[in-house]
2 protein chains.
Amino acid sequence: MYELTIELNANNKIPLYEQIYNFIKNEIKNGNIPCKTKLPSTRALAKHLAVSRSTVDLAYAQLVSEGYIESEPYRGYFVAEITLLYDIGNGEKETARERRMADESNLIDFSPWGIDLSSFPFNAWRKISRGLLSVDNKDLFAPCHYKGEWQLRQEISRYLYEARGVRCLSEDIILGAGNEYLLAMINQLFPDKPNVAMENPTYMQAYHVFRQNGNTIIPVNVDKSGMIVKELMESEAKIAYVMPSHQFPTGVVMPIKRRLQLIEWAMKDTERYIIEDDYDSEFRYLGKPIPALQSVDSGGKVIYLGTFSKSIAPSIRMSYMILPPSLMKRFEERTSFYSQTVSKMDQMIVSEFMKDGYFERHLNKMRAVYRNKHDMIISLLKDSKGKITVSGENSGLHIIVTVNNQMSEEKLIARAKEEGVLIHGISQYYIGRNNATKSTVLIGFASLSGEEIETGIAKIRSAWKV
Amino acid sequence: MYELTIELNANNKIPLYEQIYNFIKNEIKNGNIPCKTKLPSTRALAKHLAVSRSTVDLAYAQLVSEGYIESEPYRGYFVAEITLLYDIGNGEKETARERRMADESNLIDFSPWGIDLSSFPFNAWRKISRGLLSVDNKDLFAPCHYKGEWQLRQEISRYLYEARGVRCLSEDIILGAGNEYLLAMINQLFPDKPNVAMENPTYMQAYHVFRQNGNTIIPVNVDKSGMIVKELMESEAKIAYVMPSHQFPTGVVMPIKRRLQLIEWAMKDTERYIIEDDYDSEFRYLGKPIPALQSVDSGGKVIYLGTFSKSIAPSIRMSYMILPPSLMKRFEERTSFYSQTVSKMDQMIVSEFMKDGYFERHLNKMRAVYRNKHDMIISLLKDSKGKITVSGENSGLHIIVTVNNQMSEEKLIARAKEEGVLIHGISQYYIGRNNATKSTVLIGFASLSGEEIETGIAKIRSAWKV
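Residues numbered from 1 in each chain as written. Chains lettered and ligands numbered in written order. Predicted model: local features only at pLDDT ≥ 70, side-chain atom pairs only at ≥ 80, totals over all residues. Heavy atoms only, no water.

Q: Is there a simple way to think about the confidence of the model for chain A in this case?
A: Do not read the fine detail of predicted coordinates wherever pLDDT is low. All names here are of chain A. Looking at chain A as a whole, its pLDDT mean stands at 89, while 93% of the residues score no less than 70. Below a pLDDT of 50 lies the segment residues 83-91, which in the model reaches 18 contacts outside its immediate sequence neighbourhood of four places, other chains included. Both confidence scores are given for the complex: pTM 0.80, ipTM 0.78. (pLDDT = per-residue confidence, 0-100. Contact = heavy atoms within 4.5 Å.)

Q: Help me understand the interface of chain B and chain A in this model?
A: Contacts between the two partners involve 87 residues from chain B and, on the opposite side, 88 residues from chain A. Buried surface at the junction of chain B and chain A, both sides included, amounts to about 7,900 Å², of which 51% is carbon and sulfur. One can count four salt bridges joining chain B with chain A. A salt bridge links D136(A) to R126(B); the nearest nitrogen and oxygen atoms lie 2.5 Å apart. Our enumeration of links across chain B and chain A arrives at 22 residue pairs in polar contact (both at pLDDT 80 or more). Looking at side-chain class alone, the side of chain B that touches chain A contains 34 nonpolar, 28 polar and 25 charged residues. (Buried area = accessible area lost by both parts, 1.4 Å probe. Salt bridge = Lys/Arg side-chain N within 4 Å of Asp/Glu carboxyl O. Polar contact = N/O pair within 3.5 Å; in protein donor to acceptor, adjacent residues only side chain to side chain. Nonpolar A, V, L, I, M, F, W, Y, C, P; charged D, E, K, R; others polar.)

Q: Would you explain the relation of the copies chain B and chain A in this entry?
A: Mapping between the two copies of the chain is achieved by a rotation about an axis and a shift along the axis. Superposition record for chain B on chain A: RMSD 0.1 Å, screw rotation 180°, translation along axis 0.0 Å. Within this description, the copies of the chain are treated as partners about a two-fold rotation axis. Taking C-alpha positions as the reference, the residue of chain B nearest the rotation axis is S343(B), at 3.2 Å. Mapped onto chain A, 100% of the interface residues of chain B again fall at the interface, so both copies present the same surface. (Least-squares fit on C-alpha atoms with pLDDT ≥ 70 in both.)

Q: Would you mind showing me how to read the packing of helix α13 (residues 358-380) of chain B against helix α15 (residues 450-464) of chain B here?
A: When two helices pack together, their arrangement is given by the angle between the helix axes and the distance between those axes. Residues and elements named next belong to chain B. Between α13 and α15, the least distance of the axes is 10 Å, while the angle of their chain directions is 25°. The angle between α13 and α15 falls in the class roughly parallel. In the crossing of α13 with α15, the sense of the turn from one axis to the other is right-handed. Mapping the contact onto sequence places K373, M376, I377 and L380 in α13 and G450, I453, E454, I457 and R461 in α15. When its residues are assigned to classes, the contact of α13 with α15 shows five nonpolar, one polar and three charged. (Axes fitted to C-alpha atoms, helices over the stretch in contact; angles between N-to-C directions. Helix = DSSP H or I, 4+ residues; strand = E, 2+ residues; numbered from the N terminus. Parallel < 35°, antiparallel > 145°, perpendicular 65-115°, else oblique. Left-handed = near helix turned anticlockwise from the far one by under 90°.)

Q: I keep staring at unusual backbone geometry and nothing clicks. Help me out?
A: Note: most peptide bonds trans; most residues except glycine with negative phi. For the bond running from N200(A) to P201(A), omega is 10°, close enough to zero to count as cis. With respect to the helices and strands, P201(A) occurs in the loop between β5 (196-200) and α8 (204-212). Cis geometry is adopted by the peptide bond preceding P249(A), which originates at F248(A) and carries an omega value of 0°. Inspection of the secondary structure assignment puts P249(A) in the loop between β8 (239-242) and α10 (256-267). Unlike most non-glycine residues, K385(A) shows phi in positive territory, near 55°. Tracing the backbone shows K385(A) in the loop between α13 (358-380) and β12 (388-391). Note on K385(A): relative accessible area 83%, which makes it exposed. Phi at A50(B) takes a positive value of approximately 60°, unusual for a residue other than glycine. Along the polypeptide, A50(B) turns up in the loop between α2 (42-49) and α3 (53-65). (Buried < 20%, exposed > 50% of the residue type's maximum accessible area, 1.4 Å probe, protein only.)

Q: Sorry if this is basic, but what is going on with the packing of aromatic side chains here?
A: Describing an aromatic ring pair means giving the distance of the ring centres and the angle of the ring planes. Applying the stated criterion across every chain yields a total of 47 aromatic pairs over all chains. Grouped by ring-pair contacts, the aromatic residues F120(A), F122(A), W125(A), Y159(A), F308(A), Y320(A), F353(A), Y358(A), F359(A) and F141(B) constitute a single cluster. Between the NZ or CZ atom of K301(A) and the centre of the ring of Y273(A), over which it lies, the distance is 4.7 Å. (Phe/Tyr/Trp six-rings, centres within 6.5 Å; stacked < 30°, edge-to-face > 60°. Lys NZ or Arg CZ within 6 Å of the ring centre and 35° of its normal.)

Q: How should the domain arrangement of chain A be read in this particular structure?
A: For interface size, the figure often reported is the accessible area lost on association. All names here are of chain A. Considered domain by domain, chain A is made up of domain 1 (16-94), domain 2 (108-119 + 361-464) and domain 3 (137-356). Computed from C-alpha coordinates alone, the two centres of domain 2 and domain 3 are separated by 27 Å. On the side of domain 3, 33 residues touch domain 2, which itself brings 27 residues to the contact. Carbon and sulfur atoms supply 63% of the area that domain 2 and domain 3 bury against each other, a total of about 2,600 Å² over both sides. Sorting the residues of domain 2 by area buried against domain 3 places N394, Y429 and I431 first, and these three jointly supply 25% of that buried surface. Taken together, the connections running from domain 2 to domain 3 amount to zero salt bridges. Taken together, the links from domain 2 to domain 3 amount to ten residue pairs in polar contact (both at pLDDT 80 or more). Put simply, the parts of the chain that give the side of domain 2 that touches domain 3 at least two residues each are α13 and β13 (398-403). Looking at which element gives the most residues to the side of domain 2 that touches domain 3, the answer is α13, with eight residues. Taken together, the residues of the side of domain 2 that touches domain 3 break down into 15 nonpolar, nine polar and three charged. (Domains from an automatic or database assignment.)

Q: Would you take a moment to explain the pattern of salt bridges for this structure?
A: When the charged atoms of two side chains with opposite charge come close together, those side chains can pair. All names here are of chain A. Enumeration according to the criterion identifies 26 salt bridges over all chains in this entry. Between R330 and E271 there is a salt bridge whose closest N-O contact spans 2.9 Å. Of this pair, R330 sits in helix α11 (residues 325-334) while E271 sits in the loop between α10 and β9 (273-277), and the two are 59 residues apart along the sequence.

Q: Honestly, helix α7 (residues 179-188) of chain B in this entry has me stumped. Any pointers?
A: Turn by turn, an α-helix covers 3.6 residues, leaving residues three or four places apart pointing in a common direction. Among the ten residues in α7(B), ten count as buried, and that is most of the element. Within α7(B) the residues assigned to the buried category are N179(B), E180(B), Y181(B), L182(B), L183(B), A184(B), M185(B), I186(B), N187(B) and Q188(B).

Q: I keep staring at the sheet that holds strand β10 (residues 302-307) of chain B and nothing clicks. Help me out?
A: Hydrogen bonds along the backbone pair up the strands of a sheet, which may run parallel or antiparallel. All names here are of chain B. What the eight strands build is an open sheet, ordered β4-β11-β10-β9-β8-β5-β6-β7; its pairing is mixed. Every other strand in the sheet has two partners, leaving β4 (173-176) and β7 (226-227) as the edge strands with one partner each. As paired elements, β4 and strand β11 (residues 319-322) share four bridges and run antiparallel to each other. Of the residues in β11, the one forming a bridge with I174 is M321. Against the sheet, helix α10 (residues 256-267) touches β6 (217-223), β7, β8 (239-242) and β9 (273-277), its axis set at about 140° to β9. (Pairing = 2+ DSSP bridges.)

Q: I'm lost on the environment of N26(B) in this one. Help?
A: One can find N26(B) in helix α1 (residues 16-29). Separated by 215 residues in sequence, N26(B) and Y241(B) have C-alpha atoms that sit 58 Å apart.

Q: Hey, could you run me through the sheet that holds strand β7 (residues 226-227) of chain A in this one?
A: Residue and element names in this part refer to chain A. Spatially, eight strands are ordered β4-β11-β10-β9-β8-β5-β6-β7 in an open sheet, and the strand pairing comes out mixed. Each having just a single partner strand, β4 (173-176) and β7 make up the two edges of the open sheet. Strands β5, β6 (217-223), β8 and β9 of the sheet are contacted by α8, whose axis makes an angle of about 155° with β5.

Here it is as structure tokens:
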């Protein structure tokens, strides 16, 4: 039995029960009463402290309800295993995914997902952020319009018009915390869970969102012009999810003829729609940017999805969608009760960033940065005597490399890893059985330095003997 | 026919077609070529400028694809109605909701939703934000852990343990951009769309999320101890959504006995769970805070939902949930592909805000601010000779007022509005037919100044003759 001698002060404005409660709580928290220790009974402690039993009852009840002590029937009160309540050490239990990531952190990773954060516009960001916070502006922290702040939506509409030929008013735009969130919102506009056609291979995050939300996915093959519309027409799909300006992962750019066929498909049924995911079209290295599919859609059939994840940073969680009038009406009726999910502060920063011309300058800079890395890789992969075929180049943050050296995709990845290089295969982006007949991998370059690219490519060429 | 005389420079590194394209684009954008104007045919313009026809074709094609001009079969090319492409003036089309909000912006609004932003901790926020941005820290903009930044989750776990008796490790916590988002995520953990029991009246945003996601809602009546568990037991519900520490809108606090009954209900079936929405329990004015339901749940049955919307600001879009082990496993398997939705910068700011003790000080300050407003309202509503009954006081940011003056709820609201005061009735929070027999309204006070409260209450007492 643990003895508790508590100095109580009856004249203190803190009630006696609370003084007892505070004392015991602190003793437990400081480790002075070890866990599993049996406490005195309420009767014993009341007698010991010369207070009424109900005072001790109250203190114990509060400790029990807050989990510091536990009452065991017929046995009394015991200090809970409080150490479990805090994180021990300075890390949490690693998941298998996190362990794998840690294992691979020393490798040169040609991931298609990264961006070059060493060129992040810190100075502009700092300046704008300071400016916004320099006065006590309550409005910065007040609730935001459910579609997002008007100023930012207006900047986006101007930018999209100029850069992507997209025609929209700010009121057609809805911001959201990432593409997956917006895809889930789009899903809510179609309560009948229509079948969704997706290019195969495709962007698997989008695939998971549709699957998770109860849609049936119809994989449609991709040829050198993108989704094969003939296959789409023969399917039962109502919605087609496409990346016409730079298909992920193949890098295919859909030419205008195929785009018009796609729109023609959608026009044949009032419930058919196209989701255009324009995720990285800011980065095009050859020729003029190709206007978005949305820009040739006169029938209100295209839902346009864009993001700042590639062009600014993924951590600001800022994507946007443009709904055609029929769906905007549905959105306003059915789902506008969802509050806006993007941080207002970040919205205001990006709005100023665009208004003051920083965004355009940043994009120009990043285009040059990525073009250099892109050209470097293309040149480092030359002279393979036909063993390396590059495709999906000229745009985006990765290229597609097909290797003709008798090694399977799996083997290519394993051999590269032995040399300290992480390469990502194309198979993982296929829905269902992979019908890729060639050994093909993705080579992303955004987050790597020139030196890493040089070393990495040399290592894989040696590993692959090409 | 519009004449286009373009000064072309064949030695310029910009190709001729692009010079033509740029010229026409700028003329249209500057309004020098009015919309609907017919452009010269490609043949005529090529001749006029002494360039090949294919050069003009290319320029026109680009202009068409970007929407500046339109091609009409057999008629030629016309300037598009470009003015439509930009927002005109400095506002967007107002929706009915926005018009109503503007109409009501001059009224004293006793909304239960606001918070007091004039007490926002601008200085601390500014200091932390500057500190974080003072160096070029790439990590601030790199992708975030899918559950949210570990440091912040650790701060939240400590805070919840101390303030709410909630027992969790940082790895049990998942951040999300608002409660509605997290409710939608919770929904994805239950693909069979179980029936959801909700207190009636309830928080309608949550109701809409469940409805929208295909769940059947079972309204359960509320007595003075909260959700009537006997009714719940007789229902087919698998999930119970409750606000035990301060039921919205009734303000009822669920006593421990009812809480245990609720947990007992959940323990009877492996697929039964309780969602505890602990939305404003930070603000309690009388007695010690009541530990969360989660703190007495030993069976892993409670999903705990918390938010910084009331305690810091709604605009940072930061809520969190604690999943019991069985559901965390499901989350990791099924939905962890969703990227984190909360801005990383905001996560880092709040993490420092908590770590450095600002959060605790801010809460203490806000408790005092709100207690003053709360006490003021209670005192201003006194001496009504029994015509005004106040309930749901002692906690949260609104009270419930039942008026016994023969006026219906609708009449109370209408009479108040005539006097320039906006009052919110309780009926709108009922699911299905309103079975409230009394004329009851909500009086929120968080966002109003002392003066507004004084004037507002005087006006409604005069309007209601109580």
